[in-house]
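Listed below, chain by chain, are the residues.
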Amino acid sequence: MASPIVNTNYGPVKGLQKTSCYNKQYNAFYAIPYAEKVVDEYRFKAPRPLQKWENVLDATKVGDSCWLFDKLNPYEKKIIGSENCLHLNIYTPELNPTKKLPLMVYFHGGRYTTMSGSPFYYGPDYLMEKNVILITFNFRMGVFGFLSLKDETLGIPGNAGMKDQVMALKWIKENVECFGGDSENITIFGQSSGATSVHYHLLSDASKGLFNRAIIMSGSAFVPWALIPPKDFAYRLVKALGYEGKENDADILEYLKTLKPEDLVSTQETIFTPNERATGQLIAFGPVIEPYMTENTFMSAHPFEMAENAWGNDVDVMIGGCSHEGLLLYARFNPIMLKSLGNFSSIVSLNVQLEPDDPKCGEKGLQIKRFYYGDSEPNEENIGTFFTMQGHKVFWHGMWLTIKSRVKNVNSNTFLYRFALEPTTNKTIRQAFGVPHMRGASHVEDVFYIFKAEYLEPHVKGTHEYEVMQVMTETFTSFARTGNPNVHRLGDVKWNPIKSFEDKHQIKCLNISNDFSFIELPETKYMEIWDEICDNVKF
């Protein structure tokens, strides 16, 4: 097969022709840069615009990820990466279509510390069947992407990783038509921390006009872990790696520059206090409210405040999650934890924005405990209740608040889905989380009905899982193409957007399970108790 060559606005790129697991031909272009390398003095700074090139760029091989600990690789868990990582992958079924193709840009998850846009995790096979262009990409994570220093002279206010994402979207907007895409029909979508990124782009003026629709999967800028508090994480990190100086931003930065990337990656998740771990503060370097304004500020206010008049309120959105999101936490769960929960103040602390030792936090914690457990105490026999509660705390209530913040806007639609199918064949993710015996759809399981990961076998034609994959890809791509996720494969099921919160029983979702139905959201009664204790939220 001849290697396809496309002339972008920055220079020519050579890709390759591939065949999907279902024998669909498509074109793949890997590791196309969208910004300059982030090396030396630029390691922690905002990305620099890409320079043009003349010779044909070889885009036939998957590029390096940004620095990360590849924890979710089922074969080999190790630190990998490069500072030459700001690139994207483009998959298109046609380079010269008679009608421009809609574009879907995926933001990977991984708690802002791991994963990448690699086809190892996010292969295009299923989506290539639906005549859309798919783009996946890398952005800096951990301390590399989210170091935030208050000293204005250093030029590192934070959110470099989010600014990487903005630069990628700008490159895509400028160049997608070279690949047969429609620059006026771009949908961004992401899962977990990728979903929080998608929501942040709906809120930030830095992203205004760079896309047309958005799909938020199991996350939100309103989940309790999406915004990092202004703590001394950078100082803790360098101290853990041998720094003996004072807490001075300039000195900390100089020391950081001398350290090996591998050492930064291996240490950045070890610097939490016991209290922070107990409350669920498990990300040291992620999105922050920037301490001062620059020409490319991404976030200058709290997400709740940004949402009030966000440009993205006028953008159509699909949002949803898995029925048992909290099973994600099973692998690192220790039953001894249940005996230390006390008044549950550590459970609700991040959500209600109070310290665990605050009496008000204790009162709110007891409300949650009584609601979920009644007169019982948490124990191994009712362990499922603990994971149900964690799924609501960590994921579902943030998504609920996102819908709440949007329904008052009459210029856009918000469609809600709930993925409740427990897999019967591809159980790799369940095994990675240590939950093959637990019932329900865990966090991330919906992703593999959109993407064909290289380490998973494709869904077998004729099975219900194959049918679910078809429904997922068809509803997602229909929404990307027209703003309407209703497709023939849903039969008589009509999926309507949410237009009001006045009657909570009218908060309905497309429920994807052993069948497809449009039902009242089963989590509604739980969301109402979280609303009650989170009186810091004014939506």
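Cut-off values and rules
- Residues numbered from 1 in each chain as written.
- Predicted model: local features only at pLDDT ≥ 70, side-chain atom pairs only at ≥ 80, totals over all residues.
- Heavy atoms only, no water.
- UniProt positions renumbered as here; feature names shortened; annotations may be inferred.
- Disulfide = S-S within 2.5 Å.
- Helix = DSSP H or I, 4+ residues; strand = E, 2+ residues; numbered from the N terminus.
- Buried < 20%, exposed > 50% of the residue type's maximum accessible area, 1.4 Å probe, protein only.
- Salt bridge = Lys/Arg side-chain N within 4 Å of Asp/Glu carboxyl O.
- Expected span 1.5 Å × (residues − 1).
- Domains from an automatic or database assignment.
- Contact = heavy atoms within 4.5 Å.
- Polar contact = N/O pair within 3.5 Å; in protein donor to acceptor, adjacent residues only side chain to side chain.
- Nonpolar A, V, L, I, M, F, W, Y, C, P; charged D, E, K, R; others polar.
- Right-handed = clockwise from strand over helix to strand, strands pointing away.
- Pairing = 2+ DSSP bridges.
- Phe/Tyr/Trp six-rings, centres within 6.5 Å; stacked < 30°, edge-to-face > 60°.
- Lys NZ or Arg CZ within 6 Å of the ring centre and 35° of its normal.

- The name that an unreviewed UniProt entry assigns to the protein is Carboxylic ester hydrolase, with the source organism given as Culicoides sonorensis.
- In UniProt, the protein has this text filed under Sequence similarities (unreviewed entry): "Belongs to the type-B carboxylesterase/lipase family."

Let's talk about the state of the cysteines
Working step 1: A full pass over the atoms with the stated rule returns one disulfide.
Working step 2: Sulfur-sulfur distance for the disulfide between Cys-66 and Cys-85 comes to 2.2 Å. As the torsion about the S-S bond is roughly 90 degrees, the Cys-66-Cys-85 disulfide counts as right-handed. In this pair, Cys-66 sits in the loop between strand 5 (57-58) and strand 6 (68-69) while Cys-85 sits in the loop between strand 7 (79-80) and strand 8 (87-92), placing the two residues 19 residues apart along the sequence.
Working step 3: Free of any disulfide, Cys-322 has its nearest cysteine sulfur in Cys-509, 12 Å distant.
Working step 4: Not engaged in a disulfide, the cysteine Cys-361 finds its nearest cysteine sulfur in Cys-534; these two sulfurs lie 10 Å apart.
Working step 5: The exposure class of Cys-361 is buried, given its relative accessible area of 0%.

Considering the pattern of salt bridges
Working step 1: The final tally for this structure, using the stated rule, is 17 salt bridges.
Working step 2: Residues Glu-523 and Arg-418 are paired through a salt bridge, measuring 3.0 Å at the closest nitrogen-oxygen approach. In this pair, Glu-523 sits in the loop between strand 16 (516-520) and helix 15 (524-533) while Arg-418 sits in strand 14 (residues 414-419), placing the two residues 105 residues apart along the sequence.
Working step 3: Across the pair Arg-489 and Glu-467 runs a salt bridge, and its minimum N-O distance is 3.0 Å. Linking Arg-489 in the loop between helix 14 (464-482) and strand 15 (508-512) with Glu-467 in helix 14, this pair joins segments that are 22 residues apart in sequence.
Working step 4: Look at Arg-489 and you get partly exposed, because its relative accessible area is 32%.
Working step 5: The class of Glu-467 is partly exposed, set by a relative accessible area of 24%.
Working step 6: Taken together, the salt bridges that share partners define one network made up of Lys-130, Glu-467, Glu-474 and Arg-489.

Things to note about helix 14
Working step 1: Helix length check: helix 14, at 19 residues, gives a terminal C-alpha distance of 26 Å against a target of 27 Å (1.5 Å per residue), a fit within 8%.
Working step 2: Extensive coverage of helix 14 is indicated by the burial of 15 of its 19 residues.
Working step 3: In the stretch just after helix 14, Gly-483 is the one whose phi turns positive, near 90 degrees.

As for the domain arrangement of the protein
Working step 1: Per the domain assignment, the segments making up the protein are domain 1 (1-227 + 286-314) and domain 2 (325-468 + 487-538).
Working step 2: When each unit is reduced to the centre of its C-alpha atoms, the spacing between domain 1 and domain 2 is 26 Å.
Working step 3: With 33 residues of domain 1 at the interface, the matching set in domain 2 holds 38 residues.
Working step 4: Taken together, the connections running from domain 1 to domain 2 amount to zero salt bridges.
Working step 5: The tally of links between domain 1 and domain 2 comes to 12 residue pairs in polar contact (both at pLDDT 80 or more).
Working step 6: Among the elements of the structure, helix 1 (125-128), strand 11 (181-191) and strand 12 (213-217) are those that each provide at least two residues to the side of domain 1 that touches domain 2.
Working step 7: Looking at the side of domain 1 that touches domain 2, its residues break down into 21 nonpolar, 10 polar and two charged.

Some remarks on the pairing of strand 12
Working step 1: Counted residue by residue, strand 12 has five buried out of five residues, so it is predominantly covered.
Working step 2: The alternating pattern of strand 12 places Arg-213, Ile-215 and Met-217 and Ala-214 and Ile-216 on opposite faces, both of which are buried.
Working step 3: For the segment spanning strand 11, helix 4 (residues 193-203) and strand 12, crossover handedness is right-handed.
Working step 4: The sheet contact formed by strand 12 and strand 13 (residues 316-322) spans five bridges and is parallel. Across the sheet, Ile-216 pairs through a bridge with Ile-319, a residue of strand 13.

Notes on the sheet that holds strand 2 (residues 12-14)
Working step 1: The three strands are arranged 1-2-5 in an open sheet whose pairing can be described as mixed. Only two strands of the sheet have a single neighbouring strand rather than two, namely strand 1 (5-7) and strand 5.
Working step 2: Pairing of strand 2 with strand 5 involves two bridges; the strand directions are parallel. If you follow Lys-14 over to strand 5, its bridge partner there is Asp-58.

Some words on the packing of aromatic side chains
Working step 1: Using the criterion set out here, one finds 39 aromatic pairs in the structure.
Working step 2: A network of ring pairs unites the aromatic residues Tyr-106, Phe-120, Tyr-121, Tyr-122, Phe-189, Phe-448, Phe-451 and Tyr-455 as a single cluster.
Working step 3: The ring centre of Tyr-42 lies 3.8 Å from the NZ or CZ of Arg-48, which sits over that ring.

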